[in-house]
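The chain contents come next:
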Amino acid sequence: MSHLNQPILDRAATQGVALSMQGAVAVVRLCRPAKRNALNDGLIEALRDVFQNLPAEAGAAVIHGEGEHFCAGLDLSELKERDAGEGIHHSRSWHVALNAIEQGRVPVVAALHGAVVGGGLELASASHVRVADESTFYALPEGTRGIFVGGGGSVRVPKLIGAARMTDMMLTGRVYNAVDGERVGFAQYLVPTGTALAKAIELATRIATNAPLTNFALMHALPRIAEQPADHGFFTEALISSIAQSAPEAKARVRAFLEGKAAKVQKS
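Cut-offs used in this document
Residues numbered from 1 in each chain as written. Predicted model: local features only at pLDDT ≥ 70, side-chain atom pairs only at ≥ 80, totals over all residues. Heavy atoms only, no water. Helix = DSSP H or I, 4+ residues; strand = E, 2+ residues; numbered from the N terminus. Rg over C-alpha atoms; globule rule 2.2 N^0.38 Å. Buried < 20%, exposed > 50% of the residue type's maximum accessible area, 1.4 Å probe, protein only. Contact = heavy atoms within 4.5 Å. Areas by Shrake-Rupley, 256 points an atom, 1.4 Å probe, with all protein chains shown as cover. Axes fitted to C-alpha atoms, helices over the stretch in contact; angles between N-to-C directions. Left-handed = near helix turned anticlockwise from the far one by under 90°. Nonpolar A, V, L, I, M, F, W, Y, C, P; charged D, E, K, R; others polar. Pairing = 2+ DSSP bridges. Patch = residues over 30% accessible without salt bridge, like charges linked within 9 Å, V, L, I, M, F, W, Y side chains within 5 Å. Salt bridge = Lys/Arg side-chain N within 4 Å of Asp/Glu carboxyl O. Phe/Tyr/Trp six-rings, centres within 6.5 Å; stacked < 30°, edge-to-face > 60°. Core = buried A, V, L, I, M, F, W, Y, C linked by side-chain atoms within 4.5 Å. 1 Å grid on protein atoms, 1.4 Å probe; cavity = no way out; pocket = protein on both sides within 12 Å on 5 of 7 lines; lining within 4 Å. Points joined across faces, edges and corners; volume = space filled by probe spheres on them. Parallel < 35°, antiparallel > 145°, perpendicular 65-115°, else oblique.

A.B. asks: Give a description of the overall build of the chain that names residues and reports values.
C.D. replies: Within the chain, the regular secondary structure consists of eleven helices and nine strands. Computed over its C-alpha atoms, the radius of gyration of the chain comes to 19 Å, within 12% of the 18 Å expected for a compact globule of 268 residues. Across its three principal axes, the chain shows a C-alpha extent of roughly 60 × 45 × 40 Å. Every one of the 268 residues in the chain was classed for burial, and the buried ones make up 44%. Sequence separation of 24 or more characterises 71% of the internal contacts of the chain that already satisfy a separation of 6 or more. Of the accessible surface of the chain, which amounts to about 13,800 Å², a share of 57% is contributed by carbon and sulfur atoms.

Structure below.
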C-alpha cells in the first residue's frame, strides 16, 4: 500500500504517536510532552503499529520526541502489579514493538534531546543511527527503583557501551551527559542544542537514497554477523554480498561509477 492504513494512523495518534512524510523519510513523533514522552502500553502499541505499517514510499525513518525531552522512560504512574507470567508477556510485547523498529523494513535514525532515560534509552538503542544534541542526558534508573529493564535494554545497550558501563549505570544511578554519552557510544553524532531533528532528517534523507537491498542487509545481516563465530560470519558475508551486488539497482550504480557519472568519495 502506498500510504499507512488510516485507522492504524488514527489510533496511533490517539495513543501518542504521530507520523508524517518528508520526501522519502517517515518522521515518527512521540507526542506526550506533558509526560516527558514517558512510555505506556498504548504508546508502545502505537509504535509497533506504525513501524509495522510504514508507507511503501518510505526509504528511511526518523523518530523524535515532542517538547523538551526525547523520552523519560516508563510511565511509572501506570505501572501495574503483575505476577511473573503477566510480567513476561508484558515485557515480550515491548520486545515485539522495538523489534519492529530495529528489524523493520527501513533504517531508523533517532533524534535525541533532553531525557533519554530508562525505556527511552531502550527505544533509542533500537534505532540504527542516533543523533544527540547537547541537551541530551542518559540514565538507567531501574536499579535504584527496584525493577529491571524489560524492553530489550539488557541486550541492546551493552552492544553500545559494554556490559560493565550498563551495570554501573543501573547499580549507581549514574547519568551521562551528551558529550560523555557520545564518547562511550550512545550516539554517533553530537550536534548543537535544538538541531538533532534537522540533522536526523538530513541523514535519513541520504540513507533513503541507498539501494534498498543494501540498507536491508546492513540492518539485518550486519548485527547477526557481528555475533557469529568468524568462520560463520565470513560465509554469511559472502552470501549477503553476492545477493546485494546481484540486484539490478546495484549493477546500475556500479556501472554509473565506472562511467564517471557518480561522485567519488571526498575528504570531509
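A.B. asks: How would you sum up the packing of helix 2 (residues 41–52) against helix 3 (residues 84–102)? Please name residues and give values.
C.D. replies: With their axes 8 Å apart at the nearest point, helix 2 and helix 3 run at an angle of 35° to one another. Along this stretch, helix 2 crosses helix 3, giving a crossing that reads as left-handed. From helix 2, D41, I44, R48, F51 and Q52 reach across to helix 3, where they touch H90, S93, W94, V96, A97, A100 and I101. Class assignment of the residues belonging to the contact of helix 2 with helix 3 gives a composition of seven nonpolar, three polar and two charged.

A.B. asks: How would you explain the sheet that holds strand 8 (residues 175–177) if you had to name every residue and give the values?
C.D. replies: Taken together, the three strands give an open sheet; going across it, the order is 5-7-8, and neighbouring strands pair in mixed fashion. Every interior strand has two partners, whereas the edge strands, strand 5 (115–117) and strand 8, have only one. Across this sheet, the average inter-strand angle for adjacent strands is 20°, counted without regard to direction.

A.B. asks: Give me a nonpolar patch on the surface: which residues, what numbers.
C.D. replies: Where nonpolar side chains cluster on the molecular surface, the patch consists of L213, F216 and I243 and spans about 250 Å² of accessible area. Position of F216 among the secondary structure elements: in helix 9 (residues 212–227). A residue is classified by how much of its surface remains accessible, and F216, at 38% relative accessible area, is partly exposed.

A.B. asks: Kindly report on the packing of aromatic side chains, identifying the contributing residues and their values.
C.D. replies: All told, the structure shown has two aromatic pairs when counted by the stated rule. Where Y138 meets F186, the ring centres are 4.5 Å apart and the plane angle is 20°; that geometry is what we call stacked. Remark: F186 occurs in the loop between helix 7 (178–184) and strand 9 (189–191) and Y138 occurs in strand 7 (residues 137–139); sequence separation between them is 48 residues. Owing to a relative accessible area of 0%, Y138 belongs among the buried residues under this scheme. Accessibility expressed as a relative area gives 1% for F186, which makes it buried.

A.B. asks: Describe unusual backbone geometry, listing the residues and the values that go with them.
C.D. replies: The residue R36 is not glycine, and still its phi comes out positive at about 55°. Mapped onto the elements of the fold, R36 is located in the loop between strand 2 (25–30) and helix 2. The exposure class of R36 is partly exposed, given its relative accessible area of 39%. At N37, a position not held by glycine, the phi torsion is positive, near 60°. The residue N37 is located in the loop between strand 2 and helix 2 in this model. N37 gets classed as buried once you look at its relative accessible area, which sits at 0%.

A.B. asks: Which residues make up the nonpolar core, and what values go with them?
C.D. replies: By size, the foremost hydrophobic cluster in this structure holds 46 residues, and its most contacted members are V17, L47, F51, L123, Y138 and F186. Among the elements that line this core, the one with the most residues is helix 2, at six residues. Look past the residues within four positions of V17 in its chain and what remains in contact with it is A12, V28, R29, L30, C31, L43, A46, L47 and V50.

A.B. asks: Talk me through the layout of surface pockets; I want residue IDs and the actual numbers.
C.D. replies: Taken as a whole, the largest pocket encloses approximately 850 Å³ of empty space. Lining the largest pocket are 36 residues, and of these E102, S125, R156, K159 and P223 lie nearest its centre. When residues of the lining of the largest pocket are traced back to their parent elements, those giving at least two are helix 3, helix 4 (119–125), strand 6 (129–133), helix 5 (153–161) and helix 9. Classifying every residue of the lining of the largest pocket gives twelve nonpolar, 16 polar and eight charged.

A.B. asks: Go over the side chain of H90, please, and point to the residues and values.
C.D. replies: Mapped onto the fold, H90 is located in helix 3. Among all residues touching H90, those that are not within four sequence positions of it are D41 and R82.

A.B. asks: Give me the lowdown on the packing of helix 5 against helix 6 (residues 163–172), citing residues and values where you can.
C.D. replies: The relative placement of two packed helices comes down to the angle between their axes together with the axis-to-axis distance. In contact at an axis separation of 7 Å, helix 5 and helix 6 are set at 120° when each is read in the N-to-C sense. Here helix 5 lies oblique to helix 6, going by the angle between them. In contact with G153, S154, V157, P158 and I161 of helix 5, helix 6 contributes A163, R165, M166 and M169. Broken down by class, the residue content of the contact of helix 5 with helix 6 amounts to six nonpolar, two polar and one charged.

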